[in-house]
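Structural overview for review
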Amino acid sequence: MFWFIFLIVLFLLALAFFLIYPKVRKNYLEKNFIGICKNKVSKLSKKNNFNYLTNVNIVDFQYKRLNIDQIIFGYKYIYLVTNNLLCGEVKGKINDHSWTFKKYGNKDKTYIDNIIESADDKINEFSNLIGINKDFIVSICVIPNECDFLINNVNKDNSVIIRSKSFYKMINKIESRNIDPFNKEQLNSYYEMVKSRNGK
């Protein structure tokens, strides 16, 4: 009898965990996603001795504000990292100017800008801002692991959308491309230039 009751209680606890855990994880993710992304950038940069900046906010020469969540100054590329909290389903086509987004627990669909198009615009702005060839700039949009991203073949050589679990692997993959690294002094000058203009 004891074991029967024990198994029933165990089953009920497992059922409660199964029902409650997704909601708890969703709430945790929404509150901590940005912090998780920042932590990944910090760990990777320190491990590889990369310079990096967070919460970059610059006004360009045309007085247009450029906001970037994190910038990593790698050996071969400069990475513009965007943290996009898409807790839901994303649908569309690569050439659509906007995609549909349905948040978990919500039946209504909303429209979001095509992330790749937005990334291309940001790459061009940043390239003009610091005077670097845009071929050496990579945009990385980080989305939650749980996001149902249903658009195929969106990634390009200089613009990718990845789940947070793939962040380290993607940076290492791009840095392993067969090109010469930046001149160290030149790379440091880019870093100092952006750092000096951040928040201004």
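For the structure, check the block above.
Summarised in this report is the structure supplied together with it. Because the structure is a prediction, the values reported are computed rather than measured.

1. Considerations on the sheet that holds strand β4 (residues 88-91)
Taken in spatial order, the 4 strands of this open sheet run β6-β5-β4-β8, and their pairing is mixed. Both outer strands of the open sheet, β6 (110-113) and β8 (148-149), are each paired with one neighbouring strand and no more. The sheet contact formed by β4 and β8 spans 2 bridges and is parallel. Paired with E89 across the two strands is D148, which belongs to β8.

2. Some remarks on the packing of aromatic side chains
Under the criterion given, the structure shown has 7 aromatic pairs. A centroid spacing of 5.8 Å and a plane angle of 75° characterise the contact between W99 and F149, whose relative ring orientation is edge-to-face. Here W99 is found in strand β5 (residues 98-103), whereas its partner F149 is found in strand β8, with 50 residues between them in sequence. The same class applies to W99 and to F149, which are both buried. The structure contains a cluster of three or more aromatic residues connected by ring pairs, namely F136, F182 and Y190.

3. Notes on helix α4 (residues 184-197)
For an α-helix, the turn length of 3.6 residues means that residues three or four places apart are oriented alike. In a regular helix each residue adds 1.5 Å, so 14 residues correspond to 20 Å; α4 covers 20 Å between its end C-alpha atoms and thus fits that length. All buried positions along α4 are accounted for by L187, Y190, Y191 and V194. Down the axis of α4, the buried side of the element spans an arc of 95°, and every buried residue falls inside it. Where α4 is buried, its residues meet β1 (51-59), β2 (65-73), β3 (78-83) and α2 (115-130). Between the side-chain oxygen at the start of α4 and the backbone nitrogen of E185 there is a gap of 2.9 Å, and the oxygen is on N183.

Criteria and thresholds
- Residues numbered from 1 in each chain as written.
- Predicted model: local features only at pLDDT ≥ 70, side-chain atom pairs only at ≥ 80, totals over all residues.
- Heavy atoms only, no water.
- Pairing = 2+ DSSP bridges.
- Helix = DSSP H or I, 4+ residues; strand = E, 2+ residues; numbered from the N terminus.
- Phe/Tyr/Trp six-rings, centres within 6.5 Å; stacked < 30°, edge-to-face > 60°.
- Buried < 20%, exposed > 50% of the residue type's maximum accessible area, 1.4 Å probe, protein only.
- Expected span 1.5 Å × (residues − 1).
- Arc of directions from axis to C-beta.
- Contact = heavy atoms within 4.5 Å.
- Polar contact = N/O pair within 3.5 Å; in protein donor to acceptor, adjacent residues only side chain to side chain.

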